[in-house]
Amino acid sequence: MKRRYVTFLTFLALGVVAFKSFPPTDEEYQVRREHMVKEIEADVKFTSERIGKKALGRHVMEAMGKVPRHEFVPAHLRRSAYENRPLPIGYGQTISQPYIVALMTDLLDVDEDNVVLEIGTGSGYQAAILAELVEKVYTVEIVRELGEQAKGRLKRLGYQNVWVRIGDGYYGWEEHAPFDGIIVTAAASHIPPPLVKQLKPGGRIIIPVGSPFMTQQLMLVKKEKDGKIKTKQVLPVLFVPLTGGH
Ligand code: SAH
């Protein structure tokens, strides 16, 4: 009797281990993604006074509900891919919190015929979200390994309207300028003048500005039709620093 009991417990334990080591199915990821979208909506409501809106654009939220974030995080963190928080992606870098990705994308206020520039490709997740919404996405990454990985990942996932370049994004991507919008996903001490120059009149830059590892301000920079620059602080945020030789 006792032996049977031990055998039963052994099989039960093995069953639990086997179950746990199976990766979630696509359906399970879908459910988690829908839950993540709900959490973003709740965060937006919670911060509505600061960000000046109660909800983000429908197309932005649809993109958040579509792009498989679990494909953009290291394999051992896939189970956490749809938690509303940043995650490490190696080389001391992080994939941003989904709420922040959604907010920054919304603030960029893009149209489907737009050409946008991203500085700080990282995992490629933000670029994929943008690729769902605009015609062309150019993205620059300074860490070669991350840039190469993101390039391969975006290709494997079928994104044909994203171009990744390895280099210092402080200087933008002159060859494809001017851009309708520019999104910087690393914190800079100031707004890089080359990026302002490569922005179309009527365009926007979204950028965290401040000291590394201290609270920074997410800034919305608008270039008026006459070329005048207007800036607005949106929200305190925490990003990894913009590095490079500038
Ligand atoms: N947008 C990314 C997350 C960015 S983390 C995503 O969706 O996953 C910030 C990224 O900016 C890091 O990968 C870092 O290497 C990169 N970075 C830092 N300084 C840079 C610079 N001067 N030019 C280009 N990329 C830079």
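Structure report, in brief. (Residues numbered from 1 in each chain as written. Predicted model: local features only at pLDDT ≥ 70, side-chain atom pairs only at ≥ 80, totals over all residues. Heavy atoms only, no water.)

## Details of the pattern of salt bridges
Test applied: We define a salt bridge as a side-chain nitrogen of Lys or Arg found within 4 Å of a carboxyl oxygen belonging to Asp or Glu. Strands here are runs of E lasting at least two residues and helices are runs of H or I lasting at least four, both read from the DSSP assignment and numbered beginning at the N terminus. The buried label goes to any residue with under 20% of its type's maximum accessible area, the exposed label to any with over 50%, and the partly exposed label to all in between, with areas taken from a 1.4 Å probe on protein chains only.
In this structure the tally under the stated criterion is 10 salt bridges. Its salt-bridge partner being Asp106, residue Lys53 comes within 2.6 Å of it at the nearest N-O pair. A residue pair is termed long-range when its members are at least 10 positions apart, and Lys53 in the loop between α3 (48-51) and α4 (58-66) and Asp106 in helix α5 (residues 98-108) qualify at 53 residues. Take Asp106: its relative accessible area is 10%, and that puts it in the buried class. Notably, a salt bridge pairs Glu132 with Lys66, separated by 2.9 Å at the nearest N-O pair. A residue pair is termed long-range when its members are at least 10 positions apart, and Glu132 in the loop between α6 (125-131) and β4 (136-141) and Lys66 in helix α4 qualify at 66 residues. According to the relative accessible area criterion, Lys66 is exposed, its value standing at 52%. Look at the salt bridges and you will find they share partners, linking Glu71, Arg78 and Arg156 into a network.

## Re the site of the ligand
Note the following rule: Near residues are defined by distance, with any heavy atom within 4 Å of the molecule or strand qualifying the residue. Counting of polar contacts relies on pairs of N or O atoms within 3.5 Å, with two restrictions inside protein: one atom must be capable of donating a hydrogen and the other of accepting it, and residues adjacent in sequence are counted only when both atoms are side-chain atoms. Per-residue and other accessible areas were derived by the Shrake-Rupley procedure at a 1.4 Å probe size, with only the shown protein chains allowed to occlude residues. Just so you know the grouping, Ala, Val, Leu, Ile, Met, Phe, Trp, Tyr, Cys and Pro go in nonpolar, Asp, Glu, Lys and Arg go in charged, and all remaining residues, Gly too, go in polar.
Among the 26 residues in the neighbourhood of the ligand, the closest are listed as Ser123, Glu141, Asp168, Gly169 and Thr243. Asp168 places a side-chain nitrogen or oxygen 2.8 Å from a nitrogen atom of the ligand. Summarising the interface, the protein chains cover 99% of the accessible area of the ligand, which totals 580 Å² for the free molecule. Taken together, the elements giving at least two residues each to the shell around the ligand come down to β2 (93-95), β3 (115-119), α6 and β4. When residues in the shell around the ligand are grouped by element, the largest group, 3 residues, is from β2. Here the residues of the shell around the ligand sort into 11 nonpolar, 12 polar and 3 charged.

## So, the sheet that holds strand β9 (residues 229-237)
Selection rule: Note on pairing: DSSP must find at least two bridges between two strands before they are called paired. Every axis in this analysis is a line fitted to C-alpha atoms, fitted for helices over the stretch in contact. Angles between the N-to-C directions lie between 0 and 180 degrees. Should any heavy atoms of two residues lie within 4.5 Å, those residues are counted as being in contact.
Taken in spatial order, the 7 strands of this open sheet run β5-β4-β3-β6-β7-β8-β9, and their pairing is mixed. Of all strands in the sheet, those bounded by a partner on one side alone are β5 (162-166) and β9. Across the sheet, the mean angle from the axis of one strand to that of its neighbour is 15 degrees, orientation sign disregarded. Note: strand β6 (residues 179-184) against strand β7 (residues 199-209), 4 bridges, orientation parallel. Across the sheet, Gly181 pairs through a bridge with Arg204, a residue of β7. Along the sheet, helix α7 (residues 144-156) contacts β4 and β5; its crossing angle with β5, the most-contacted strand, is approximately 165 degrees.

## Examining the nonpolar core
Nonpolar side chains tend to gather and get buried jointly when the protein is soluble and globular. For clarity, the threshold we go by: Take the buried residues of types Ala, Val, Leu, Ile, Met, Phe, Trp, Tyr and Cys, join any two whose side-chain atoms come within 4.5 Å, and each joined set is a nonpolar core.
By size, the foremost hydrophobic cluster in this structure holds 54 residues, and its most contacted members are Met64 and Tyr125. Per-element tally for this core: the top contributor is α5, with 8 residues. Residue contacts for Tyr125: discarding those within four places in its chain leaves Met36, Met64, Val67, Arg69, Phe72, Ile95 and Val101.

## Some remarks on the environment of Gln233
One can find Gln233 in strand β9. Look at Gln233 and you get exposed, because its relative accessible area is 53%. Placed 43 residues apart in sequence, Gln233 and His190 show a C-alpha to C-alpha distance of 13 Å. Setting aside its immediate chain neighbours within four residues, Gln233 contacts Gln217, Leu218 and Met219.

## Brief notes about α7
Here is the rule we go by: How far a helix is expected to stretch is found by multiplying one less than its residue total by 1.5 Å. The directions from the helix axis to the C-beta atoms are what the arc is built from.
Here α7 is 13 residues long and its end C-alpha atoms lie 18 Å apart, about the 18 Å a rise of 1.5 Å per residue gives. Every buried residue belonging to α7 is among Leu146, Gly147, Ala150, Arg153 and Leu154, and all of these are buried. Each buried residue of α7 sits inside an arc of 130 degrees when the element is viewed along its axis, so together they form one side. When the buried face of α7 is taken as reference, the exposed residues oriented beyond 90 degrees from it are Lys155 and Arg156.

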